[in-house]
Amino acid sequence: MDNIVSDDDNNQMLPPKINKMSANTKVEAWVMNNNLASSQRTPSSQSGNKSSSQCSQPSDLVKTIDELNQQLSRAKTRTSRDSDETNSPPKRATARKYIPAGGQGKEESQPRVGWEDYVETLEKNSKEMNSGDSETRCFVLSNVSDELKLRYSEIVERLGGTLLNTSQCFQLETTHLIMESPLRSEKLLCSLASGKWILTPRYLEESNEKGVFLPEQEYEFGNPFSVNKMPRLDGQLVQYAQAAYRWRLKRGGAFINMRATLYVSEKRVDSLRRLIQAGGGHVLNEKDALKGTHCFWEDTKADMPISLESFAQAGVYVLPPVYLADYLRQDPPPSPELCLIGHYKALYDNAQG
């Protein structure tokens, strides 16, 4: 029992700084302090340098113990932090912000993209490729030699299609126009206005090799899938080729809201009428001219029985016939206000201004 030392006795024997330490640290310090005290009671015959060194050890000991306690405290802090991070649930990734031009940010799990989805594009193209399977194909040829006309007629009949007569006039039953290049003609313009397939002759040649009508996409003028099978084009031919694809996707209807009167040379009346009707428009009689939306006038070849002032007051566009072809070819189509016949424009602007 005499060897047991109480905490109070220990506290009295330790320096003041050691009293604030933990119990285990106090015991270690007490043992070291007793050893120090024993060494101080050694005979004075030992060297003075050694005695001086021993007398400085208590303060060094306290300093060392303080440093050890600081290291222990830092270690406990790191251990506690690591434990918290291990036990806490994983953080979710913050949603990325998509900020449209001129708009405010909106939280979205993924940013949007400005192009069409690839799978949707394939599905759309697949539907387009099968669009002609349920109908009877009615072909018209344009700019094709007589020898090839006979050959293509045999191919179309063999594959189950119909070749319409090869006159210059467009026929509403047409579903496919075959031509070497998209040269401007009544057949081309009417096919554009009504959204028909406009294809190269290779379509018939390769369909004949397979023994069945092939999907049209790879043979259609202006179609992105037909690049490798198209003849070389330039100038307005490129625009007409692009228009073929564009109007076919729109399913025609280029002139759906047009109500027009025609004051042109006699030989052009029927051709322009077929063109407007192919695009879904209507050609009016002269008595209804002021109820229309458009008037096409060849001012050097046809008389105008109605005053231009009356047309201007009625808000009718008086245009040259070439406007119809330009409307089909250009993208975007030209505004009629910018294409009015020269000496009519001032009258129209004054009446509508």
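Procedures and definitions
Residues numbered from 1 in each chain as written. Predicted model: local features only at pLDDT ≥ 70, side-chain atom pairs only at ≥ 80, totals over all residues. Heavy atoms only, no water. Pairing = 2+ DSSP bridges. Helix = DSSP H or I, 4+ residues; strand = E, 2+ residues; numbered from the N terminus. Contact = heavy atoms within 4.5 Å. Core = buried A, V, L, I, M, F, W, Y, C linked by side-chain atoms within 4.5 Å. Buried < 20%, exposed > 50% of the residue type's maximum accessible area, 1.4 Å probe, protein only. pLDDT = per-residue confidence, 0-100. Polar contact = N/O pair within 3.5 Å; in protein donor to acceptor, adjacent residues only side chain to side chain. Right-handed = clockwise from strand over helix to strand, strands pointing away. Phe/Tyr/Trp six-rings, centres within 6.5 Å; stacked < 30°, edge-to-face > 60°. Lys NZ or Arg CZ within 6 Å of the ring centre and 35° of its normal.

**A word on the sheet that holds strand β9 (residues 294-297)**
Argument step 1. In spatial order, the strands read β8-β7-β9-β10; together these four strands make up an open sheet with parallel pairing. If you trace the sheet from one side to the other, it starts and ends with β8 (282-283) and β10 (317-319), each paired once.

**Some words on the environment of Leu-233**
Argument step 1. Structurally, Leu-233 is set in the loop between α9 (202-210) and α10 (236-249).
Argument step 2. With 52 residues separating them in the primary sequence, Leu-233 and Ser-181 have C-alpha atoms 7.8 Å apart.
Argument step 3. If we ignore the near neighbours within four places in the chain, the residues touching Leu-233 are Ser-181, Pro-182, Phe-221, Val-238 and Ala-241.

**Concerning the nonpolar core**
Argument step 1. Within the largest apolar cluster, 51 residues are counted, with the highest numbers of intra-cluster contacts made by Leu-192, Phe-296, Phe-311, Leu-328 and Tyr-344.
Argument step 2. Filtering out sequence-adjacent residues up to four positions away, Phe-296 remains in contact with Met-258, Ala-260, Thr-261, Leu-262, Tyr-263, Val-264, Ile-276, Leu-319, Pro-320, Pro-321, Tyr-323 and Leu-324.
Argument step 3. Of all hydrophobic cores here, the second largest spans 15 residues; its members include Phe-139, Tyr-152, Ile-178 and Trp-197.

**Regarding the confidence of the model for the protein**
Close inspection of predicted coordinates is inappropriate for parts of the model with low pLDDT.
Argument step 1. Averaged over every residue, the pLDDT of the protein is 77; residues scoring 70 or more account for 63%.
Argument step 2. Note on residues 89-123: pLDDT under 50 across the span, and 19 contacts to partners over four residues away in sequence or across chains.

**Some remarks on the side chain of Ser-194**
Argument step 1. Mapping Ser-194 onto the fold places it in helix α8 (residues 186-194).
Argument step 2. Overall, Ser-194 belongs to the buried group, its relative accessible area being 15%.
Argument step 3. Within the structure, Ser-194 has its side chain in polar contact with the backbone oxygen of Cys-190 (distance 2.7 Å).

**With respect to the pairing of strand β5 (residues 176-179)**
Argument step 1. Side chains His-176 and Ile-178 project from β5 onto one buried face, and the interleaved Leu-177 and Met-179 project onto a second face that is buried too.
Argument step 2. In terms of strand pairing, strand β3 (residues 138-142) meets β5 through four bridges, oriented parallel. If you follow Leu-141 over to β5, its bridge partner there is Ile-178.
Argument step 3. Relative to strand β6 (residues 197-199), β5 runs parallel, the two sharing three bridges. Bridge assignment links His-176 to a residue of β6, and that residue is Trp-197.
Argument step 4. With α8 bridging β5 and its parallel neighbour β6, the resulting β-α-β unit is right-handed.

**A word on the sheet that holds β5**
Argument step 1. Ordered in space as β4-β3-β5-β6, the four strands form an open sheet in which the pairing is parallel. Of all the strands in the sheet, the pair left with one neighbour each is β4 (162-163) and β6.
Argument step 2. The pairing of β3 with β4 spans two bridges and is parallel. Bridge assignment links Cys-138 to a residue of β4, and that residue is Thr-162.

**A word on the packing of aromatic side chains**
Argument step 1. Inspection of the entire model under this criterion finds nine aromatic pairs.
Argument step 2. Each ring, one from Phe-255 and one from Tyr-327, has its centre 5.8 Å from the other, and the planes form 40°; the classification is tilted. Of the two residues, Phe-255 is situated in the loop between α10 and β7 (259-263) and Tyr-327 in helix α13 (residues 322-329); the sequence distance between them amounts to 72 residues.
Argument step 3. With relative accessibility at 21%, the residue Tyr-327 sits in the partly exposed group.
Argument step 4. Three or more aromatic residues link up through ring pairs in this structure, and these residues are Phe-139, Tyr-203, Phe-213 and Tyr-219.
Argument step 5. Its end group placed over the ring of Trp-197, Arg-248 keeps NZ or CZ at 3.8 Å from the ring centre.

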